[in-house]
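# Topology and contacts: notes
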Amino acid sequence: MTIARVYLVAGELSGDILGAGLMRELKARHPGVEFRGIGGPRMIAEGIDSRFPLETLSVMGLVEVLKHLPGLVRVRRTLRQDALDWRPDIVIGIDAPDFNLGLERQLREAGLTTAHYVSPSVWAWRQGRVKGIARSVDAMLTFLPFEAAFYVRHRVPVAFVGHPLADELPLVNDRGEAREALGLPARGVPDAAPLLAVLPGSRANEIRFLGATFLDAAERLCREREALRVVIPAATPARRAELEGLLEGREALRERVILIDGQSREAMVASDAVLLASGTAALEAMLCHRAMVVAYRMAPMTHWLAKRLVKTEWISLPNLIAREALVPELIQDDASPEGIAAELAALLDDAEARHALEARFAAMHEGLQRDASRRAVDAVEALVARRALPASVAPEALEEGT
């Protein structure tokens, strides 16, 4: 069986990275395969004929989506006709579920084979969407085992491929080496200090709701612990400027904070504990094997709605993957400087508990390290050949707890 044509639609930079990995693996197995759809710089470098710029689908927020809706409808209509004219062996939507699932449904109804790479958070809220997903895709390709289990329960064909981040990050890391890379003394040498990494988020709204609170918590800890140092990675120049403004006038932090550009993974590996907002950063901290406290605040109305819509017991990916409360989660009013500082103090004061958590995270990391691009292509080949999904990616092949 040879795959000759693959239609890929990515909606943002993270999807571009995933799509490029898929394309490399497909080219290795099927020399001469052609790609078309929407991709960014990495996918274009791998050979996709991108019909629109990647940024076309990068619209976030209700107002922004409504404003761009007529244009997005035209793009979907154009891609639908383009795919039908080209007749690919398979259509793969990469993330961007609000756009891609509708396109996939139209193309599947027209007789094309479809798959979706990266499950939307249907397991957490608006679970009724799974019925639409079942009509849109021949298979869902998921990163995480609890996502796959959700689709099994709802009888939607699913392949658990593992998480690309788990493949990318090493199973063994060196705290001392990371500290030296950041210009900090390694732990265990004279003048080495305990290190707290603080990641308030990469979006302006996250800095707005969390920035001052996180710095207040760090300031309290610094007053109580003379040796403590704090490293804060700024995701973008705009976030750095906002953080610099928040740091003004905080004398207790002036000599203790190292503000760096990017390098969030290095900061997490270098640290003894991490304070962060919920989201992918919590997964990264887990894959860096570091103890953490997750805190999140949002607009009051958003929180009111979320409490009524979200169906999960936890919000952080480490807890969702483990199916237990490994990581403290402080949400809304509980995410106070006092509450956050107390949880972090407990972690910083208990080296045995931190080391046990690091070992647990390393084991969880190993369970997710599955060579995701290879396994995704295993599933794609089965779909194109109209075979059952291979046992290697079937959720029921997972061992309990992975």
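These remarks concern the structure in this document. Predicted model, so just to flag it, every value in this text is computed and none were measured. (Residues numbered from 1 in each chain as written. Predicted model: local features only at pLDDT ≥ 70, side-chain atom pairs only at ≥ 80, totals over all residues. Heavy atoms only, no water.)

A few words on the overall build of the protein. Within the protein one finds 18 helices and 13 strands. Within the protein, the fraction of its 402 residues that count as buried is 51%. The contacts of the protein with a sequence gap of at least 6 include a subset with a gap of at least 24, amounting to 68%. (Helix = DSSP H or I, 4+ residues; strand = E, 2+ residues; numbered from the N terminus. Buried < 20%, exposed > 50% of the residue type's maximum accessible area, 1.4 Å probe, protein only. Contact = heavy atoms within 4.5 Å.)

Let's shift gears to unusual backbone geometry. Both trends apply: most residues other than glycine have a negative phi, and most peptide bonds are in trans. Positive phi, normally seen in glycine, also occurs at Arg-87, with a value near 55 degrees. Tracing the backbone through its elements, the reader meets Arg-87 in the loop between α3 (62-86) and β4 (90-94). The residue Asp-95 is not glycine, and still its phi comes out positive at about 60 degrees.

Next up on the list: the packing of helix α13 (residues 280-287) against helix α17 (residues 351-368). Packing of α13 against α17 leaves a shortest axis separation of 8 Å and a crossing angle of 105 degrees. Classified by the interaxial angle, the pair formed by α13 and α17 is roughly perpendicular. In contact with Leu-283, Met-286 and Leu-287 of α13, α17 contributes Phe-361, Met-364, His-365 and Leu-368. Per-class residue counts for the contact of α13 with α17 are 6 nonpolar, 1 polar and no charged. (Axes fitted to C-alpha atoms, helices over the stretch in contact; angles between N-to-C directions. Parallel < 35°, antiparallel > 145°, perpendicular 65-115°, else oblique. Nonpolar A, V, L, I, M, F, W, Y, C, P; charged D, E, K, R; others polar.)

Summed over all chains, the structure comprises 3 aromatic pairs. Ring centres 5.5 Å apart and planes at 85 degrees place the aromatic pair Phe-150 and Tyr-151 in the edge-to-face group. The exposure class assigned to Phe-150 is buried, which follows from its relative accessible area of 1%. Its guanidinium or amino end placed over the ring of Phe-99, Arg-76 lies 5.3 Å from that ring's centre, counting from NZ or CZ. (Phe/Tyr/Trp six-rings, centres within 6.5 Å; stacked < 30°, edge-to-face > 60°. Lys NZ or Arg CZ within 6 Å of the ring centre and 35° of its normal.)

This next bit is on the pairing of strand β9 (residues 229-234). Burial analysis of β9 places 5 of its 6 residues in the buried class, the great majority of the element. As judged from the 3 bridges shared by strand β8 (residues 195-199) and β9, these two strands associate in the parallel manner. Opposite Leu-196, over in β9, you have Val-230 as the bridge partner. Between the parallel pair β8 and β9, the chain is carried across by helix α9 (residues 204-224), and the sense of this crossover is right-handed. Taken together, the 5 bridges between β9 and strand β10 (residues 257-261) define a ladder with parallel strand orientation. Within the sheet, the bridge partner assigned to Pro-233 lies in β10 and is Ile-260. (Pairing = 2+ DSSP bridges. Right-handed = clockwise from strand over helix to strand, strands pointing away.)

What follows deals with the pattern of salt bridges. Throughout the structure, instances matching the rule amount to 26 salt bridges. A salt bridge links Glu-242 to Arg-239, with the nearest nitrogen and oxygen atoms 2.7 Å apart. Here the residue Glu-242 and the residue Arg-239 both occupy positions in helix α10 (residues 237-247), the gap between them amounting to 3 residues, near one helical turn. For Glu-324, the salt bridge goes to Arg-360, with nearest N and O atoms at 2.9 Å. Linking Glu-324 in the loop between α15 (317-322) and β13 (329-331) with Arg-360 in helix α17, this pair joins segments that are 36 residues apart in sequence. Among the charged side chains, a network of salt bridges with common partners joins Glu-25, Arg-29, Asp-371, Arg-374, Asp-378 and Glu-381. (Salt bridge = Lys/Arg side-chain N within 4 Å of Asp/Glu carboxyl O.)

Glancing now at the environment of Gly-47. As for its placement among the helices and strands, Gly-47 is situated in the loop between α2 (41-46) and β3 (48-52). Distance from Gly-47 to Arg-24, taken between C-alpha atoms, is 9.6 Å for residues 23 residues apart in sequence. In this view, Gly-47 contacts Met-23 and Phe-35; residues no more than four positions away in its chain are not counted.

Time to look at α13. Within α13, 6 of the 8 residues are buried, which leaves the element mostly enclosed by the surrounding structure. For α13, the full list of buried residues reads Ala-282, Leu-283, Glu-284, Ala-285, Met-286 and Leu-287. Looking at the buried side of α13, the elements it contacts are α7 (164-168), α12 (264-270), β11 (273-276), β12 (292-296), α15 and α17.

Moving on, we come to the side chain of Asp-16. Inspection of the secondary structure puts Asp-16 in helix α1 (residues 13-29). Buried and unpaired, Asp-16 has Arg-42 as its nearest opposite-charge partner, separated by 4.1 Å. Of note is the side chain of Asp-16, whose polar atom sits 3.0 Å from the backbone nitrogen of Met-43. Sequence-distant contacts of Asp-16, that is, excluding residues within four places in its chain, are made with Ala-10, Gly-39, Gly-40, Pro-41, Arg-42, Met-43 and Leu-54. (Lys, Arg positive; Asp, Glu negative; His and termini not counted. Polar contact = N/O pair within 3.5 Å; in protein donor to acceptor, adjacent residues only side chain to side chain.)

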